[in-house]
Amino acid sequence: HIEFGAHFHAPPGSAREKVRAAYSAGVRRLDGALGGMGGCPYAAHALTGNVATEAIIAFCAAEGIPSCLDARSLAHAEDVRVLVFSAPVRELMLAAALGDDKQLRRMCRTHFDEADTSKDGTLSLEEFRAMMMDVYRELGEAPAEDGHIQELFTRHQTDGKIHFEDYVLGAKLGLQKRLRQYSA
């Protein structure tokens with residue numbers, strides 16, 4: 001019996017597709033790093049790091065796959081990591097993404113295309129809600145209240161749908177606000 005595992009480097013937003021492909025191929029041991037810390041010196045893009053443990057856990061939760069990790073221990077490890085490094089790595093990566101429009105658009109495109117179940121290039125409120133829940137899980141955060149998601153949708157929608165450019169603009173504004181709150 002041979003057990004196969006997988007270890008990936010990925011920029012934010014592309015981890016889920018790599019984890020899904022490995023799991024679909026039968027891999028049941030996936031390496032992760034808290035907050036995606038670490039990286040690959042040969043990567044073409046500075047935002048490429050290890051796949052975040054949080055992204056693996058979010059994938060498992062979304063797919064109904066049991067995980068052997070204890071959520072409280074994982075949260076404690078994340079707190080210790082933040083204390084040691086003074087800032088959540090994902091905040092630093094998101095700050096870098098804001099400075100690289102091409103990378104930010106690629107991250108947004110990954111989330112947007114996964115959520116666009118009708119494949120019409122727009123998101124309904126239901127698709128937007130599901131996507132936002134995935135984004136919060138990927139960031140390792142508690143999901144936003146439904147009223148807040150509804151407010152975001154209303155603010156950025158056109159004709160009752162969210163178009164990709166509207167989503168990118170909303171993502172930029174949201175990340176800027178989040179980083180301001182962090183640095184305050």
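An account of the accompanying structure is given in this report. Computed from a predicted structure; not experimentally measured. (Residues numbered from 1 in each chain as written. Predicted model: local features only at pLDDT ≥ 70, side-chain atom pairs only at ≥ 80, totals over all residues. Heavy atoms only, no water.)

1. What about the overall build of the protein chain?
Phase 1: Each helix and strand in the protein chain was counted, giving 8 helices and 6 strands.
Phase 2: Taken from the N to the C terminus, the helices and strands of the protein chain come in the order β-β-α-β-β-α-α-α-α-β-α-α-β-α.
Phase 3: Burial analysis of the protein chain (184 residues in total) assigns 41% to the buried set. (Helix = DSSP H or I, 4+ residues; strand = E, 2+ residues; numbered from the N terminus. Buried < 20%, exposed > 50% of the residue type's maximum accessible area, 1.4 Å probe, protein only.)

2. Here we look at helix α1 (residues 15–24)
Along an α-helix, residues three or four apart share an orientation, since each turn contains 3.6 residues.
Phase 1: If you check which residues of α1 are buried, you get Ala-15, Arg-16, Val-19 and Ala-22. Looking straight down α1, one finds its buried side chains confined to an arc of 130 degrees; they lie on one side. (Arc of directions from axis to C-beta.)

3. Quick look at helix α5 (residues 101–115)
Phase 1: The end-to-end C-alpha separation of α5 is 21 Å, in line with the 21 Å expected for 15 residues at 1.5 Å each.
Phase 2: All buried positions along α5 are accounted for by Gln-103, Leu-104, Met-107, Cys-108, Thr-110, His-111, Phe-112 and Ala-115. (Expected span 1.5 Å × (residues − 1).)

4. Regarding the packing of α1 against helix α2 (residues 53–63)
Phase 1: Between α1 and α2, whose axes approach to 10 Å, the crossing angle comes to 60 degrees. In this view, α1 runs oblique relative to α2, as classed from their interaxial angle. Of the two elements, α1 crosses α2, and the hand of that crossing is right-handed. Every residue of α2 that contacts α1 at Ala-15, Arg-16, Val-19, Arg-20 and Tyr-23 is listed here: Ala-55, Ile-56, Ala-58, Phe-59, Ala-62 and Glu-63.
Phase 2: Looking at side-chain class alone, the contact of α1 with α2 contains 8 nonpolar, no polar and 3 charged residues. (Axes fitted to C-alpha atoms, helices over the stretch in contact; angles between N-to-C directions. Parallel < 35°, antiparallel > 145°, perpendicular 65-115°, else oblique. Left-handed = near helix turned anticlockwise from the far one by under 90°. Contact = heavy atoms within 4.5 Å. Nonpolar A, V, L, I, M, F, W, Y, C, P; charged D, E, K, R; others polar.)

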